[in-house]
Amino acid sequence: MTATAPREGQLWSRCAGCATLLYRKRLHRNLDVCPECGTHARLGAPDRLRQLVDPGSFTMLPDRPAEVDPIGFVDVLPYPHRLTAARAGTGLAEAVLCGTATIGRHPCALAVMDFRFLGGSLGSAVGELITRAAERALADRIPLVLVTASGGARMQEGALSLMQMATVSQAVAALREAGLLTVSVLTDPTYGGVAASFATNTDVVIAESGARMGFAGPRVIRQVTGRALPDGFQTADFLLRHGQVDMVVPRRALRSRLTALLAAARAARRPDPAPDVRPSQPAAVDPATASSVSAAGGPAGDAWATVRAARHPGRPTTLDYLESAFDDFVELHGDRLGGDCPAVVGGLARLAGHPVMVIGHQKGHTTAELVARNFGMASPAGHRKALRLMRLAARLGLPVVTLVDTPGADPGVAAEQQGQAAAIAENILALTMLPTPVVAVITGEGGSGGALALAVADRVLMLRHAVYSVISPEGCAAILWPDRGAAPQAARALRLTAPDLCRLGVVDEVVPEPDPAAQDDPEAAGRLLRVALLANLTPLLEVAPATLVRRRRQRFRRFGAAGVRAGAR
Ligand SMILES: [Zn+2]
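One structure accompanies this document, and this report is about it. Note that the structure is predicted; figures quoted are calculated from it, not measured.

1. Overview of the packing of aromatic side chains
Next, step 1: One pass over the full model with this rule turns up three aromatic pairs.
Next, step 2: Arranged with centres 5.3 Å apart and planes meeting at 55 degrees, the rings of tryptophan 12 and tyrosine 23 form a pair that is tilted. Within this pair, whereas tryptophan 12 is found in strand β1 (residues 12–14), its partner tyrosine 23 is found in strand β2 (residues 21–23), the two being separated by 11 residues in sequence.
Next, step 3: With relative accessibility at 44%, the residue tryptophan 12 sits in the partly exposed group.
Next, step 4: Above the plane of the ring of phenylalanine 115 lies arginine 42, whose end atom (NZ or CZ) is 4.8 Å from the centre.

In structure tokens form, the structure reads like this:
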């Protein structure tokens, strides 16, 4: 037992964070989170289960660990003696508790590790027990939730413990193939072989506040590099910033977050009756009377006026639409490779009750917001986050809705070094193969390849005052006209407005905006978007995946231009 998880019956315990002496019952009532400083004390597996699952719902799996000492390991004590001591100290048979339960009434299989048992180390019994929990999830077709707390592979079992990383990963892979959600909850600490396998190769990775996760521990890294480590190294917030985890969640919110994720996955597998295309409560703005005429400071249909409307700082952003047109958004972060791009947001949401994956560019309304979001210009990490979410949607059978609003992909030096071109290319390729419905909406600026990286879709919609173009009018003017002042002429020449692109077949439908434009009534704009999305998405839900992909490819094939010479065949 550590100083922060005192023995049964002990009345007081000292917080490891602020050293305050806390009344044990008060600490326990607060989920073992210090009420003074917020430090999350470590939890044993039984306490963790009590906090996470619905009361009385946990059923332990029948499997018991085999007695193992595969290499006859002895340090100062023989390995079997250490096992016996760990069992006596924790009341557990091994460093993990596995079973089935419900969380928020959604069934799942769980494997919860216990750091008190030989540092939560991964040995062949732990690996086997977690694998059986995964197999149970597969057999019952329910999600798998893993709660990790481990120093890594168990040294006392030599290379056999290393093999467990592969064993459990295979079980996770089988769940992926079956389209069943896997979630890991990283708790403090999660290191080594556990971090480098099932703690991070699940669909959604949640870090509990205060958790640290890494492959090598800080002591090893300091020894190897001879350098001091940056502040907050390997902490949950560090992991979020570097694209390694989807979210950091305080202990008191873990249960509700898991409930939301399980709800989304369950709904995706057992769809509700098809949502009504016509909302029961008609939008306050009647699409028929909503402006189809630009009143954003220019004559009707003037392309330059539309460019300025599309860039208006008051125009609703993706996060605004997630509030107004969707429900229950759970944001997922990071590309798992090193970054979390703020210019792209995405996650699970509901559209009139139907679960969807929403991915969009995020700008902002103020200068500070715009700077923080890099003006909606995605980095390679942003494109890779989008790709990760598209693939997750495909595995779970969720339709994808993309909201496009970007001046273009990030044109910086770092973006080039990190493979911007290839990142965009990979997204376009992935979208042409995605076996789930995709509806893209150009909501503001559809700038070039950065826009297309989210806009290869079964249906491409465009807001009335949005623009979609191969180059900005200013850029075009600078190249083809004598001066940049020719941007308005370039805007007209580029045919970048929604009606123009509809005529060209690039866009399937124009989404009306409230009068005079979306920025003047963002709530109404959200309602109109919702109506258009439902009308376009609902018929796609009935289409077989192979047909979807074939039609999508045909849709984009039709833009090819080649005559056939007379007489040629
Ligand atoms: Zn404290």
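2. Comments concerning the coordination of the zinc ion
Next, step 1: Bound to the zinc ion are the protein donor atoms Cys15 (SG), Cys18 (SG), Cys34 (SG) and Cys37 (SG), situated 2.2 to 2.3 Å from the metal.
Next, step 2: Here the zinc ion binds four donor atoms, and the angle range of 106 to 112 degrees at the metal identifies the geometry as tetrahedral.
Next, step 3: With relative accessibility at 32%, the residue cysteine 18 sits in the partly exposed group.

3. Quick notes on unusual backbone geometry
Next, step 1: Here the residue pair aspartate 188 and proline 189 is connected by a cis peptide bond, since its omega of -10 degrees sits within 30 degrees of zero.
Next, step 2: Within the secondary structure layout, proline 189 lies in strand β7 (residues 182–191).
Next, step 3: For the bond running from aspartate 515 to proline 516, omega is 0 degrees, close enough to zero to count as cis.
Next, step 4: Considering the arrangement of structural elements, one finds proline 516 in the loop between β18 (509–511) and α20 (522–540).

4. Regarding the pairing of strand β14 (residues 400–406)
Next, step 1: With seven of seven residues buried, β14 is to be regarded as a mostly interior element.
Next, step 2: The alternating pattern of β14 places Val400, Thr402, Val404 and Thr406 and Val401, Leu403 and Asp405 on opposite faces, both of which are buried.
Next, step 3: One ladder, built from four bridges, connects strand β13 (residues 354–361) with β14; its direction is parallel. Bridge assignment links isoleucine 359 to a residue of β14, and that residue is threonine 402.
Next, step 4: By the bridge criterion, six bridges tie β14 to strand β15 (residues 438–447) in an arrangement that is parallel. Its bridge partner lying in β15, valine 404 is registered against isoleucine 442.

5. What to know about the side chain of threonine 90
Next, step 1: The residue threonine 90 is located in helix α3 (residues 79–90) in this model.
Next, step 2: Apart from the residues lying within four places of it in its own chain, the contact partners of threonine 90 are Arg116 and Phe117.

6. Considerations on the side chain of glutamine 519
Next, step 1: Turning to its location among the elements, glutamine 519 is positioned in the loop between β18 and α20.
Next, step 2: There is a polar contact of 3.0 Å between the side chain of glutamine 519 and the side chain of arginine 315.
Next, step 3: Once you skip the residues sitting within four places of it in the chain, glutamine 519 turns out to touch Ala309, His312, Gly314, Arg315 and Pro316.

7. Here we look at the environment of threonine 366
Next, step 1: Relative to the helices and strands, threonine 366 is located in the loop between β13 and α12 (367–372).
Next, step 2: A sequence separation of 53 residues divides threonine 366 from proline 313, and the C-alpha atoms of the two residues are 7.2 Å apart.
Next, step 3: A polar atom in the side chain of threonine 366 sits 3.1 Å from the backbone nitrogen of glutamate 369.

8. Remarks on helix α4 (residues 124–140)
Next, step 1: When the terminal C-alpha atoms of α4 are compared, their 24 Å separation across 17 residues agrees well with the 24 Å that a helix rising 1.5 Å per residue should span.
Next, step 2: In the core, the buried residues of α4 are packed alongside β4 (96–103), β5 (106–113), β6 (144–150) and α5 (159–177).
Next, step 3: Positive backbone phi, at 55 degrees, marks arginine 141, one or two positions downstream of α4.

9. With respect to a nonpolar patch on the surface
Next, step 1: Taken together, the side chains of Leu11, Trp12, Leu21 and Tyr23 present a nonpolar region at the surface, about 400 Å² in accessible area.
Next, step 2: Position of leucine 11 relative to the elements: it lies in the segment before β1.

10. Notes on empty space enclosed by the protein
Next, step 1: Applying the stated criterion across every chain yields a total of two cavities of 30 Å³ or more.
Next, step 2: Approximately 100 Å³ is the volume found for the largest cavity.
Next, step 3: Lining the largest cavity are 17 residues; nearest its centre among them are Arg42, Leu43, Arg48, Thr187 and Asp188.
Next, step 4: Of all the secondary structure elements, the ones that give two or more residues to the lining of the largest cavity are β5, β6 and β7.
Next, step 5: The computed volume of the second largest cavity comes to approximately 60 Å³.
Next, step 6: In terms of lining residues, the second largest cavity is bounded by 12 residues, among which Cys15, Ala16, Leu27, Cys34 and Ala41 are the most central.

11. Quick word on the pairing of β4
Next, step 1: Buried residues dominate β4, accounting for seven of its eight residues.
Next, step 2: Pairing analysis gives two bridges linking strand β3 (residues 59–60) to β4, with the strands arranged antiparallel. When the sheet's bridge partners are listed, methionine 60 is paired in β4 with glycine 99.
Next, step 3: Bridge count for β4 against β5 is eight bridges, and the pairing is antiparallel. Bridge pairing links alanine 101 to cysteine 108 in β5.

12. Here we look at the packing of α4 against α5
Next, step 1: For the pair α4 and α5, interaxial distance at closest approach is 9 Å and the crossing angle is 5 degrees. By the angle class used here, α4 and α5 are roughly parallel. Note on element contacts: α5 touches α4 through Gln164, Thr167, Val168, Ala171, Ala174 and Leu175, opposite Ser124, Gly127, Glu128, Ile130, Thr131, Ala134, Ala137 and Leu138.
Next, step 2: Grouping the constituent residues of the contact of α4 with α5 by class yields eight nonpolar, five polar and one charged.

13. Looking at the environment of leucine 529
Next, step 1: Along the chain, leucine 529 falls in helix α20.
Next, step 2: For leucine 529, a relative accessible area of 0% puts it in the buried group.
Next, step 3: When the C-alpha atoms of leucine 529 and phenylalanine 115 are compared, they prove to be 49 Å apart, with 414 residues separating the residues in sequence.
Next, step 4: Discounting chain neighbours no more than four positions away, the residues touching leucine 529 are Tyr321, Ala325, Leu403, Val441, Leu463 and Val511.

What counts, and at which threshold
- Residues numbered from 1 in each chain as written.
- Predicted model: local features only at pLDDT ≥ 70, side-chain atom pairs only at ≥ 80, totals over all residues.
- Heavy atoms only, no water.
- Phe/Tyr/Trp six-rings, centres within 6.5 Å; stacked < 30°, edge-to-face > 60°.
- Helix = DSSP H or I, 4+ residues; strand = E, 2+ residues; numbered from the N terminus.
- Buried < 20%, exposed > 50% of the residue type's maximum accessible area, 1.4 Å probe, protein only.
- Lys NZ or Arg CZ within 6 Å of the ring centre and 35° of its normal.
- Donors = N, O, S within 2.8 Å, 3.2 Å for Na, K, Ca; no water.
- Tetrahedral: all angles 85-135°; square planar, octahedral: opposite > 155°, others 65-115°.
- Pairing = 2+ DSSP bridges.
- Contact = heavy atoms within 4.5 Å.
- Polar contact = N/O pair within 3.5 Å; in protein donor to acceptor, adjacent residues only side chain to side chain.
- Expected span 1.5 Å × (residues − 1).
- Patch = residues over 30% accessible without salt bridge, like charges linked within 9 Å, V, L, I, M, F, W, Y side chains within 5 Å.
- Areas by Shrake-Rupley, 256 points an atom, 1.4 Å probe, with all protein chains shown as cover.
- Salt bridge = Lys/Arg side-chain N within 4 Å of Asp/Glu carboxyl O.
- 1 Å grid on protein atoms, 1.4 Å probe; cavity = no way out; pocket = protein on both sides within 12 Å on 5 of 7 lines; lining within 4 Å.
- Points joined across faces, edges and corners; volume = space filled by probe spheres on them.
- Axes fitted to C-alpha atoms, helices over the stretch in contact; angles between N-to-C directions.
- Parallel < 35°, antiparallel > 145°, perpendicular 65-115°, else oblique.
- Nonpolar A, V, L, I, M, F, W, Y, C, P; charged D, E, K, R; others polar.

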